[in-house]
Amino acid sequence: MSYAIAHGRCIHGGDALAVSVEVHIANGLPGFTLVGLPETALRESRERVRSAIVNSGFEFPQRRITVNLAPGDVPKDGTRLDLAIALGILAASGQVPAAALAGIELSAELALDGTLRPVHATLAAAIAAAAADRELLVSPDDAPVAALVSAAVVRAAASLGAVAAHLADSAPLPRAIAAAPVPATPRADLCDIVGQLGARRALEVAAAGGHNLLLVGPPGTGKSMLAERLPGILPPLREEEALASAALHAIAGHPVDAGRWRERAFRAPHHSASAIALVGGGRLPRPGEISLAHHGVLFLDELPEFDRRSLEVLREPLESGRVTIARAARSVTFPAEFQLVAAMNPCPCGYDGDPRHECRCTPDRIARYRARVSGPLAERIDIHLTVARQALDAVHRTCAPGEPSAAVRARVIAARALQATRQGGTNARLDGAALRTHAALDDAGRALLARAAERLALSARSYHKVLRLARTIADLDGGGPITTAHLGEAIGYRALDRASAAR
């Protein structure tokens, strides 16, 4: 009887689960048993492994083989454990040195001829392997992406035979090299937007403090254009942020572009998207749009047209920066630190308050339309801005392009640097004692905010939103104390609170 252990990585929800592949070969009738809650694709690995071993020139043991996937109480799916199972069998039968498997993670699918094929979510496996201080062995197609993790030791092999030769020290595999970066895709630039100075300023404030933004205005006023230009003025991603974002895309089954992995995500789901599409889920939970927008931008156009139940599931992730998906057998938490930009018309026809078009909506219709966005959700959006239509003659007179994104981005980066030095994060995440310390007001500021809170009937959450906005505006102004001018601008960004107070 013989026994060997090989290690592989299996994606369980958002985590790269370390799986020990325990292989036991005993005398008895030939058989191949796979235990440890394997899903269908993994159960079929028995035939792939058998053919790959034989076609690679090795002997498949004609004895009783039991493969246990530990931990045994967690379901495993996919094909990424094929290589670990094959090497466990070869080690247990003495065809490769078992000791050589120590300190190595294996993640690859096997073709019938022994060729290694790519699998999903290799980037997440590389992050986990680096954290565990273990090498990762993958297919050549997966190597450039896995090697993006600078702390990981990644090696690529074309076949099962090449892996066996590496373990036997007869043909060591070189360390894989990350794909070379390519020039960033040109983003839509703010200079394309003529006029709309107030909206441009609100976009800059939102970017500088990581605040969520709601744009309200008639059709054709540039709401979507503004939203599409937000990623272009955000600071560049740090390596750990870019890796986390790319790993979530890989877990969801989206290919990772190794040359463009540092670009911020911009997700714009259609308003017919379900709650599961937005927050994630399924029988084997996968990330939704809010997690795919992690460290990026989630744009919800035509906000009231989304199903209200779908919108309500955004409330907790907006506050916590993560989403927990609970199922009967398991619970999975995905990160979701996204910046929300939403756009909506002021009424069903879109022309309420538009001087160039007559609105025929009744007050009741307008109220029902706006009520599709609940008060608790609207409170979690920091900036509410009315985007008015510009007169065409003013647009024609303004022929010069607006300020480019690069100039705005420089100011945003400077403001973010102030926040990182002062409190270690963005102003949008300031809370509790940190908010009281870093957004303190003088007597004039406290009096102004108290009057605004009374007149606009601000809740405690909205009150704190105004303080955070004022802190960001002060940071864009050099980082000094919050003045009444900063507070006044911040209060002006609570358009929905003013509209509610007016009614």
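Residues numbered from 1 in each chain as written. Predicted model: local features only at pLDDT ≥ 70, side-chain atom pairs only at ≥ 80, totals over all residues. Heavy atoms only, no water.

Draft legend 1. Focus on the overall build of the protein chain. The number of helices and strands found in the protein chain is 22 helices and 18 strands. With the principal axes as the frame, the protein chain shows a C-alpha extent of 85 × 45 × 45 Å. In the protein chain, buried positions account for 50% of the 503 residues. Across the protein chain, every contact between residues at least 6 apart in sequence was considered, and the portion connecting residues at least 24 apart equals 74%. Roughly 21600 Å² of accessible area belongs to the protein chain as shown, and the carbon and sulfur atoms make up 54% of that amount. Averaging the locations of the 56 positively and 51 negatively charged side chains of the protein chain gives two centres separated by 3 Å. (Helix = DSSP H or I, 4+ residues; strand = E, 2+ residues; numbered from the N terminus. Buried < 20%, exposed > 50% of the residue type's maximum accessible area, 1.4 Å probe, protein only. Contact = heavy atoms within 4.5 Å. Areas by Shrake-Rupley, 256 points an atom, 1.4 Å probe, with all protein chains shown as cover. Lys, Arg positive; Asp, Glu negative; His and termini not counted. Charge placed at Lys NZ, Arg CZ, Asp CG, Glu CD.)

Draft legend 2. Inspection of the sheet that holds strand β17 (residues 339–344) at higher detail. Overall, parallel pairing links the five strands, which are arranged β11-β14-β17-β10-β18 in an open sheet. The open sheet has two edge strands with one neighbour each: β11 (266–267) and β18 (383–386). Pairing geometry for β11 and strand β14 (residues 297–300), over two bridges, is parallel. Of the residues in β14, the one forming a bridge with Phe-266 is Val-297. (Pairing = 2+ DSSP bridges.)

Draft legend 3. Structural context of the nonpolar core. Counting 47 residues, the largest nonpolar core has Leu-213, Leu-230, Ile-383, Leu-385 and Tyr-493 as the members making the most contacts within it. Residues contacting Leu-213, with those up to four places away along its chain left out, are Ala-202, Leu-203, Ala-206, Leu-340, Val-341, Ala-342, Ile-381 and Ile-383. Judged by nonpolar contacts, the second largest core, of 44 residues, contains Ala-84, Leu-110, Leu-137 and Leu-173. (Core = buried A, V, L, I, M, F, W, Y, C linked by side-chain atoms within 4.5 Å.)

Draft legend 4. Looking closely at the packing of aromatic side chains. If you walk through the whole model with that rule in mind, you get two aromatic pairs. Measuring from centroid to centroid gives 5.9 Å for Phe-32 and Phe-60, while their planes differ by 35 degrees, and the two rings are tilted. Remark: Phe-60 occurs in the loop between α2 (45–55) and β4 (64–70) and Phe-32 occurs in strand β3 (residues 31–35); sequence separation between them is 28 residues. Assessed through its relative accessible area of 7%, Phe-60 is described here as buried. (Phe/Tyr/Trp six-rings, centres within 6.5 Å; stacked < 30°, edge-to-face > 60°.)

Draft legend 5. Main features of the packing of helix α7 (residues 197–209) against helix α17 (residues 405–423). For the pair α7 and α17, the least separation of the axes is 8 Å and the interaxial angle reads 35 degrees. The crossing of α7 and α17 is right-handed. Taken together, the residues of α17 that come into contact with α7 (itself represented by Glu-204, Ala-207, Ala-208 and Gly-209) are Val-408, Arg-411, Val-412, Ala-415, Arg-416 and Gln-419. Grouping the amino acids of the contact of α7 with α17 by side-chain chemistry returns five nonpolar, two polar and three charged. (Axes fitted to C-alpha atoms, helices over the stretch in contact; angles between N-to-C directions. Left-handed = near helix turned anticlockwise from the far one by under 90°. Nonpolar A, V, L, I, M, F, W, Y, C, P; charged D, E, K, R; others polar.)

Draft legend 6. Broad picture of the packing of helix α4 (residues 122–131) against helix α9 (residues 239–251). In contact at an axis separation of 7 Å, α4 and α9 are set at 130 degrees when each is read in the N-to-C sense. As the angle between them shows, α4 and α9 are arranged oblique. Contact residues: α4 offers Leu-123, Ala-124 and Ile-127, while α9 offers Leu-243, Ala-246, Ala-247 and Ile-251. Residue composition of the contact of α4 with α9, by class: seven nonpolar, no polar and no charged. (Parallel < 35°, antiparallel > 145°, perpendicular 65-115°, else oblique.)

Draft legend 7. Structural view of the pairing of strand β8 (residues 135–138). Pairing analysis gives three bridges linking strand β5 (residues 104–106) to β8, with the strands arranged parallel. In the sheet register, Leu-106 faces β8, and the bridge partner there is Leu-137. Here three bridges tie β8 to strand β9 (residues 154–156), and the two strands are oriented parallel to one another. Within β9, the position partnered with Leu-137 by the bridge is Arg-155.

Draft legend 8. Main features of the pairing of β17. Of all six residues in β17, six are buried, a share of seventy percent or more. Every second residue of β17 is oriented toward a common face, with Gln-339, Val-341 and Ala-343 on one face and Leu-340, Ala-342 and Met-344 on the other, all of them buried. Bridge analysis of strand β10 (residues 213–216) against β17 gives four bridges, and the strand direction is parallel. When the bridges of β17 are listed, Leu-214 appears paired with Ala-342.

Draft legend 9. Here's a closer look at the pattern of salt bridges. Across all of its chains, the model carries 29 salt bridges by this definition. The residue Glu-105 makes a salt bridge to Arg-9 at a minimum N-O spacing of 3.3 Å. Of the two residues, Glu-105 sits in strand β5 while Arg-9 sits in strand β1 (residues 2–12), which places them 96 residues apart along the sequence. The burial state of Glu-105 is the same as that of Arg-9; both residues are buried. A salt bridge links Glu-240 to Arg-238, with the nearest nitrogen and oxygen atoms 2.9 Å apart. A single network of salt bridges, built from pairs that share partners, joins Glu-319, Glu-379, Arg-380 and Arg-461. (Salt bridge = Lys/Arg side-chain N within 4 Å of Asp/Glu carboxyl O.)

Draft legend 10. Representation of the side chain of Thr-79. Tracing the chain through its elements places Thr-79 in the loop between β4 and α3 (82–92). For Thr-79, the side chain forms a polar contact with the side chain of Glu-109, separated by 3.0 Å. (Polar contact = N/O pair within 3.5 Å; in protein donor to acceptor, adjacent residues only side chain to side chain.)

Draft legend 11. Representation of the confidence of the model for the protein chain. In the predicted model, the protein chain carries a mean pLDDT of 90, and 94% of its residues have values of at least 70. When mean pLDDT is taken per element in the protein chain, β14 scores highest with 97 and helix α22 (residues 495–502) scores lowest with 55. (pLDDT = per-residue confidence, 0-100.)

Draft legend 12. Quick peek at the side chain of His-211. Structurally, His-211 is set in the loop between α7 and β10. Here the side chain of His-211 touches Thr-472 through a polar contact of 2.7 Å, side chain to side chain. Discounting residues that sit within four places of it in the chain, His-211 has contacts with Val-205, Ala-206, Gln-339, Asp-382, Ile-383, Asn-427, Ala-428, Arg-468, Leu-469 and Thr-472.

Draft legend 13. Examining helix α21 (residues 484–492) more closely. Along α21, the residues classified as buried are His-486, Leu-487, Ala-490 and Ile-491. Along the axis of α21, the buried residues cluster in a sector spanning 135 degrees; they form a single face. (Arc of directions from axis to C-beta.)

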